[in-house]
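# Overview (structure and organization)
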Amino acid sequence: MSTAEAPATAEPQGPGGRGKSSSPRRIPVVGLVTEDEDAQGALKPTDLSHVTKLLEETDKDDLEEKQLKFVKKLVQYYQNGFPLRDLAQIFKILNLCAGKIENQPCFIEPACDIIKLCGLPFLKKKVSDETTYAEDTANSIALLGDLMKVPSSELRIQICKCIVDFYHAEPPKKHITGYQQASSTYKIQMAEVGGLAKMMVQSLALLENQLVEKLWVLKVLQHLSTSEVNCTLMMKAQAASGICIHLNDPDPSGQLLFRSSEILWNLLEKSPKEEIIQQLSNLECLLTLKEVFKHLFMRGFSHYDRQLRNDVLVITTIIAQNPEAPMIECGFTKDLILFATFNEVKSQNPLVKGLKLSNSYEDFELKKLLFNIIVILSKDLPTLQLLIDGKVVLALFSYVKKPEKHKISEWSAAQYEELQLHAIATLSSVAPLLIEEYMSCQGNAQILAFLEWCESEDSFFSHGNSFHGTGGRGNKFAHMRYTLRLLRAMVYLEDETVNKDLCEKGTIQQLIGIFKNTISKLNDKEEAIILEIQSDILLTLSGLCENNILRKEIFGTEGVDIILHVMKTDPKKFQSGLGYNVLLFSTLDSIWCCVLACYASEDYFLEKEGIFLLLDLLALNQKKFCNLILGIMVEFCDNPKTVAHVNAWRGKKDQTAASLLIKLWRKEEKELGVKRDKHGMIIDTKRPLFTSFQEEQKIMPLPANCPTIAVMDIAENIRAKIYAVLGKLDFENLPGLSTEDFVTLCIIHRYLDFKIQATHKQRELANKSWENFLARTSNAKTLKKAKRLQEKAIKSSRYSEQPPNAIVHQTDIKGLNTTVPSGGVVAVESTPVRLVGGPLADTDIAVKKLPIQGGALQRVKVKIVDEPKKSVPT
């Protein structure tokens, strides 16, 4: 598609008259379009510079008619689209037309016609045109957003239609020879580069009371917000709060709320979420969201209204995650709690009077969303009183009961099952915060009764359709899993009232019985969920029995049997990823909490070869288990019967326990980077236990409640535990050791000596510090030298460059001959009473006089003498 061009020396003839161009380049010239040429769809030359100059003129009588005539010819000439190379000049002409609209409304139509043509694909003569004219194109498209300031409804609407066409471009009616269309996404990309989205957001402030234009702008922003770049630009223009506060504006069409919520969704998904939440976390936005949600909840009956209501609730849920959001202050929290519980707890509140949810998909989703937002709101402590007032725990416990077969419910069986699981999961977060309400609802009794139903053989077909129902189709495992999670959450509060009540109700025996029953039901299909159930049971038992001998005795031999059963699991399964690792951790924890310190259980554990099983697990050489197993071994070795079991154990290739422990020591030291020679002997005799990590570790100040690096070294690596176990074995007559093992054993034997060695070093440093102090106090030269070093250290610690206009205060006290920093506490002796005259002495300020001899203020008698009159000069 070629354009007829004339040399620069040619004088183009056109309707506007004759003119000469002094430009050395070839420029488009004005020409007439014949019917034959028009039928071919060819672009004809026109002088854009001439049209621009004509529009800039203001001093001719018939100028307006001539200007309009040329602009209309321009529109006709480019009826198939604008070439990229002409875009800058065309938009300059558009800008001139728009500038005349306020005083000359007749320019609205030609300006709208030009903008309408911008909706067509731009045309390129060369493949490189898209890159060559990218800056011109971006600036031109940005001008569309700037033209929204022109006070013309027709123009603004046409601009919006043009931008929407970027996303739904139609090909030109005719193919222009020599030209190709720019790529379909070119305009969209240039709109991002030009910052069009930001300008369109800013234009909303001009359209407060102009609904039609506002809806068109929102439609544009709805399209623009599908891009991450545009969403970031909109975020910087405060689009989220600006759009949110107008959600409740009058709009008979309903488009405002729909498009606005869609834009907010896109902003939350495609721009920095935290920033958008911060913009929406103000009182004005939340009050608007509250009124919109209440209106849709109470008066929205269509499918569309219910969907919109749920969208608003999801946006609110995201905002509620910000603890600074004034959810309580605006009253939204109280209303949400009411809406979440009015079905289960009867309320006289007029907001829910006569209100009923249906079993439609939208109402079902609403109920789950309300449960979800309760969990989020409960993280804010001031919300707890509102949860108490709203009887949330009571409402949620209405689901913790077996389904009644003949009871009429607004929910289907599948829906009720999902809500039941969701309610129990919500209780796991809420009930631990509201212990009194939990106990007043007989929470323990309800949970144990529900667990009994979960274990029973009642005919019940679980649908298992939801997230919470995973793994529970056709059985009650999903119900059991979430109920045990709730029970574990309550036990781990370590509230003695709750735990004592549970034990008195036979919880320990019931949980052991459930564990035994799950063993027989273990199969490939439900393996993962059963393993999770077993892990939760053991963790709950650990929480109940810890530090309580009586409960450990109740745990007894039956409890030890289920522990031994898990310990006999095929080691290959620990790598399956199904949950056997978690189950083993729970089992080791239950040994620690339920067996140790109870002599009867310890003896039974030893009789059933429990120590052998522990050493078998230790021999697997899995670092994540070693620390815990060795800790248990240390405690078990306090039982005199344990040593014989440890010495009797044999592993693969007839490995002994001592050989295993020494091997683990060497492996640990190798990982820690402790220096040893090829025979395992000490290389650094001054620091025999020093690790490479300790060498790299810098000195860092730590809070008083944080353990020191030395303490963490003992807690995290296993050397101290290995030393303790071997110490129980007396370090002597250990079978099955090699020469290298004996070398390592000597190092292990001296472990504590090497650690006292560190204590001696600290004492030496303390003594040296004291000697330095004495030297400073007895020798003036030493004191001056120390003072100079101290001043140098202080100076080096300060910033070398001061910020501009900063006021620097000198903190040094000149002539102070001390190197000991002053403390933060200053002792001040009170002024003697004889000088002050008592607490009521200085009540008359006017008669105070400072004594000549100095000291405190004293009350003295002062005679007031009238001053002599001054003569006034005449």
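These lines cover the structure that appears in this document, whether it is placed above or below. (Residues numbered from 1 in each chain as written. Predicted model: local features only at pLDDT ≥ 70, side-chain atom pairs only at ≥ 80, totals over all residues. Heavy atoms only, no water.)

## Topic: the overall build of the protein chain
Applied cut-off: Labels follow the DSSP assignment, with helices taken as runs of H or I lasting at least four residues and strands as runs of E lasting at least two, numbered in each case from the N terminus. The buried label applies to any residue whose accessible area, calculated with a 1.4 Å probe on protein chains only, is under 20% of its type's maximum; exposed applies above 50%, and partly exposed to all values in between. Should any heavy atoms of two residues lie within 4.5 Å, those residues are considered in contact. Here the Shrake-Rupley method, with its probe set to 1.4 Å, supplies the accessible areas, and only the displayed protein chains count as covering residues.
For the protein chain, the helix and strand inventory stands at 42 helices and six strands. Taken across its 874 residues, the protein chain has 46% of its residues classed as buried. Intrachain contacts of the protein chain at a sequence separation of at least 6 include 73% that bridge at least 24 residues. Working note: accessible area of the protein chain is about 47800 Å², and carbon and sulfur atoms make up 54% of it.

## Quick look at a nonpolar patch on the surface
How we decide: Candidate patch residues must exceed 30% relative accessible area and have no salt bridge, after which like charges are joined if within 9 Å and Val, Leu, Ile, Met, Phe, Trp or Tyr side chains if within 5 Å. Any Lys or Arg side-chain nitrogen located within 4 Å of an Asp or Glu carboxyl oxygen qualifies as a salt bridge.
A surface patch of nonpolar side chains, about 300 Å² in accessible area, is lined by Trp770, Phe773 and Leu774. Structurally, Trp770 can be placed in helix H40 (residues 751–778). On the accessibility criterion, Trp770 (52% relative accessible area) is exposed.

## Digging into the packing of aromatic side chains
Which entries qualify depends on this criterion: Stacked, tilted and edge-to-face pairs are distinguished by plane angle, under 30 degrees for stacked and over 60 for edge-to-face with tilted covering the rest, among Phe, Tyr and Trp rings (Trp via its six-membered ring) whose centres lie within 6.5 Å. Charge over a ring is defined by NZ of Lys or CZ of Arg lying within 6 Å of the ring centre and within 35 degrees of the ring normal.
By the definition in use, this model includes 18 aromatic pairs. Their ring planes at 80 degrees and their centres at 6.1 Å tell us that Phe297 and Phe342 sit as a pair that is edge-to-face. Linking Phe297 in helix H16 (residues 283–299) with Phe342 in the loop between helix H18 (332–341) and helix H19 (361–377), this pair joins segments that are 45 residues apart in sequence. One aromatic cluster in this structure is built from Phe293, Phe297, Phe332, Phe339 and Phe342. Over the ring of Phe107 we find Lys100; its NZ or CZ atom is 5.9 Å from the centre of that ring.

## Describing H19
We count it as follows: The span expected for a helix works out to 1.5 Å for each residue beyond the first.
For H19, which comprises 17 residues, the first-to-last C-alpha distance of 24 Å matches the rise-based estimate of 24 Å (1.5 Å per residue) to within 8%. Of all 17 residues in H19, 14 are buried; the element is thus mostly enclosed.

## What about H16?
To be explicit about the condition: Pairs of N or O atoms within 3.5 Å make up the polar contacts considered here, provided that, within protein, one atom can donate a hydrogen while the other can accept it, and that residues adjacent in sequence are counted only when both atoms are side-chain atoms.
With 17 residues, H16 should reach 24 Å at 1.5 Å per residue; the first-to-last C-alpha distance of 24 Å fits that figure. Buried within H16 we find Cys285, Leu286, Thr288, Leu289, Lys290, Val292, Phe293, Lys294, Leu296, Phe297 and Met298. Here the buried face of H16 lies against helix H13 (239–244), helix H14 (255–270), helix H15 (273–280), helix H17 (303–320), H18 and H19. Between the side-chain oxygen at the start of H16 and the backbone nitrogen of Glu284 there is a gap of 3.2 Å, and the oxygen is on Asn282.

## Some points on the packing of helix H28 (residues 527–545) against helix H29 (residues 549–567)
In plain terms, the rule: Orientation is described by axes fitted as lines to C-alpha atoms, over the contacting stretch for helices, and by angles from 0 to 180 degrees between their N-to-C directions. Note on terminology: angles under 35 degrees are roughly parallel, angles over 145 are roughly antiparallel, angles of 65 to 115 are roughly perpendicular, and the others are oblique. It is the rotation of the near helix from the far one that decides the hand of a crossing: anticlockwise by less than a right angle makes it left-handed, clockwise makes it right-handed. Nonpolar residues are Ala, Val, Leu, Ile, Met, Phe, Trp, Tyr, Cys and Pro. Charged residues are Asp, Glu, Lys and Arg, and all others, Gly as well, are polar.
Between H28 and H29, the least distance of the axes is 10 Å, while the angle of their chain directions is 155 degrees. In terms of orientation, H28 lies roughly antiparallel with respect to H29. For the element pair H28 and H29, the recorded crossing hand is left-handed. Counted together, Leu538, Leu541, Leu544 and Cys545 of H28 and Arg551, Lys552, Phe555 and Ile562 of H29 form the full contact between these two elements. The class makeup of the residues in the contact of H28 with H29 is six nonpolar, no polar and two charged.

## Describing the side chain of Asp251
This is how the line gets drawn: Charge counting treats Lys and Arg as positive and Asp and Glu as negative, with His and both chain ends excluded.
If you trace the backbone, Asp251 turns up in the loop between H13 and H14. The charged side chain of Asp251 is buried without a salt bridge, its nearest counter-charge being Arg259 at 8.0 Å. A distance of 2.9 Å separates the side chain of Asp251 from the backbone nitrogen of Gln255, its partner in a polar contact. Residues within four places of Asp251 in sequence aside, it is in contact with Leu211, Leu215, Leu256 and Leu257.

## Describing unusual backbone geometry
A positive phi is found at Ala597, a non-glycine position, where the angle reads about 80 degrees. On the secondary structure map, Ala597 appears in the loop between helix H30 (580–595) and helix H31 (599–607). Despite not being glycine, Phe731 has its phi angle at roughly 60 degrees, a positive value. By the secondary structure assignment, Phe731 is in the loop between helix H38 (719–728) and helix H39 (739–749).

## With respect to the pattern of salt bridges
Pairing is possible between side chains of opposite charge, provided their charged atoms come close. Applying the stated rule across the entire model yields 23 salt bridges. Its salt-bridge partner being Glu130, residue Lys124 comes within 3.1 Å of it at the nearest N-O pair. Measuring nitrogen to oxygen at the nearest pair gives 2.9 Å for the salt bridge that ties Arg309 to Asp363. Here the residue Arg309 occupies a position in helix H17, and Asp363 occupies one in helix H19, the gap between them amounting to 54 residues. Among the charged side chains, a network of salt bridges with common partners joins Lys290, Lys294 and Asp335.

## Some words on a positive patch on the surface
Condition: Charge positions come from single atoms, namely NZ of Lys, CZ of Arg, CG of Asp or CD of Glu.
A grouping of Lys781, Lys784, Lys785 and Arg788 is seen on the molecular surface, where their side chains present a positively charged patch. With respect to the helices and strands, the residue Lys781 is situated in helix H41 (residues 780–797). Given a relative accessible area of 70%, Lys781 falls into the exposed group.

## Details of the packing of helix H24 (residues 443–455) against helix H25 (residues 477–491)
Interaxial distance between H24 and H25 falls to 10 Å at its minimum, and their mutual angle equals 155 degrees. Considering their axes alone, H24 and H25 lie roughly antiparallel with respect to each other. For the crossing formed where H24 meets H25, the hand is left-handed. Contacts between H24 and H25 involve Ile447, Phe450, Leu451, Trp453, Cys454 and Glu455 on the former and, on the latter, His479, Met480, Thr483, Leu484, Leu486 and Leu487. A per-class count over the contact of H24 with H25 returns nine nonpolar, two polar and one charged.

## A closer look at the side chain of Asn475
With respect to the helices and strands, the residue Asn475 is situated in the loop between H24 and H25. When its relative accessible area of 12% is taken as the criterion, Asn475 is described as buried. Engagement of the side chain of Asn475 in a polar contact is seen with the backbone nitrogen of Phe477, the distance being 3.0 Å. Separated by 3.4 Å, the side chains of Asn475 and Glu526 make a polar contact.

## Digging into the environment of Cys160
One can find Cys160 in helix H8 (residues 153–165). Beyond its immediate stretch of four places on either side in the chain, Cys160 contacts Met148, Met200, Trp216, Val217 and Val220.

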